[in-house]
Amino acid sequence: MDQFNIFLIGFMGTGKTTIANCLSRKLDRKVVEMDQIISERAGMSISDIFKTYGEQHFRDLETGILVETQSCMPVIVSCGGGTPMRECNVREMRKNGRIVLLTAKPETILKRVKSNHDRPLLENNKNVAYIKELLEQRREKYEAAADLIIETDEKTADQICEEMLSRLRKDISEH
Ligand code: S3P
């Protein structure tokens, strides 16, 4: 398990941050929270980065952080929801990691993101129809990137982590 980083990918509100922190306690590993690092370095919120510099600049910062994770192993990386949309990001994650996709139903996602105001893509689109549409646009790339897919609806963080660890261990022992 120590030979690779664990990259958590998935749509906004699928629980990447919560699960990364839970895994961090179980495995005694550090978490690289991409959004938080980007926001801290820029000295502004994700929404302000989007407004000031545009989405492409934000996407370049994401790629830069993934490259940096090559030199810090083994960590748990909580990616931004859009990170796997770039092929080069997926290649970077594959170099030294296992990629776990967390999924949730649009209704669950809406419940989880409703009161947050630092997700520029959802700010004026907090409804099931929009979430469903963006999720469908992204599904193929999410699934193609994933080594493992874990549904999170109606599960506790602890259950999700235990399921992930047992599947990752099985995967390692078989390869
Ligand atoms: C985004 C997801 C966000 C953040 C940014 C863009 C996306 O991360 O990176 O608002 O494109 O799905 P979370 O998935 O952690 O909310």
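All values derive from a computational prediction rather than experimental measurement. (Residues numbered from 1 in each chain as written. Predicted model: local features only at pLDDT ≥ 70, side-chain atom pairs only at ≥ 80, totals over all residues. Heavy atoms only, no water.)

Asks: Help me get a handle on the site of the ligand, residues and values and all.
Replies: Neighbouring residues of the ligand: 13 residues in total, closest Lys16, Asp35, Arg59, Arg119 and Arg138. Here Gly82 contributes a backbone N or O atom positioned 3.3 Å from an oxygen atom of the ligand. Arg119 has a polar side-chain atom sitting 2.6 Å from an oxygen atom of the ligand. The protein chains hide 97% of the 380 Å² of surface that the ligand would expose on its own. In this structure, the ligand is accommodated by the largest pocket. Across the shell around the ligand, the residue classes tally to five nonpolar, three polar and five charged. (Near = heavy atom within 4 Å. Polar contact = N/O pair within 3.5 Å; in protein donor to acceptor, adjacent residues only side chain to side chain. Areas by Shrake-Rupley, 256 points an atom, 1.4 Å probe, with all protein chains shown as cover. 1 Å grid on protein atoms, 1.4 Å probe; cavity = no way out; pocket = protein on both sides within 12 Å on 5 of 7 lines; lining within 4 Å. Sits in = over half its atoms within 2 Å of the grid points. Nonpolar A, V, L, I, M, F, W, Y, C, P; charged D, E, K, R; others polar.)

Asks: Can you lay out the packing of aromatic side chains for me, pointing to particular residues and giving the numbers?
Replies: Counted under the stated rule, the structure contains one aromatic pair. Ring geometry for Phe50 against Phe58: centres 5.0 Å apart, planes inclined by 45 degrees, an arrangement best described as tilted. On the basis of relative accessible area, Phe50 is assigned to the buried category, the value being 15%. Sitting above the plane of the Phe4 ring, Arg98 keeps its charged end 4.5 Å from the centroid. (Phe/Tyr/Trp six-rings, centres within 6.5 Å; stacked < 30°, edge-to-face > 60°. Buried < 20%, exposed > 50% of the residue type's maximum accessible area, 1.4 Å probe, protein only. Lys NZ or Arg CZ within 6 Å of the ring centre and 35° of its normal.)

Asks: Can you tell me about the layout of surface pockets, naming the residues and giving the values?
Replies: Empty space within the largest pocket amounts to approximately 570 Å³. Along its surface, the largest pocket is lined by 34 residues, and Met12, Gly13, Lys16, Asp35 and Arg119 are the ones closest to its centre. Going through the elements one at a time, α1 (16-27), α2 (34-42), α3 (46-53), α4 (55-68), α6 (106-113) and α8 (157-174) are the ones with two or more residues in the lining of the largest pocket. Grouping the amino acids of the lining of the largest pocket by side-chain chemistry returns eleven nonpolar, 13 polar and ten charged. Of the volumes computed, that of the second largest pocket is approximately 190 Å³. Listed by contribution, the elements that provide at least two residues to the lining of the second largest pocket are β4 (97-103), α6 and α7 (128-145). Residue composition of the lining of the second largest pocket, by class: eight nonpolar, three polar and five charged. (Points joined across faces, edges and corners; volume = space filled by probe spheres on them. Helix = DSSP H or I, 4+ residues; strand = E, 2+ residues; numbered from the N terminus.)

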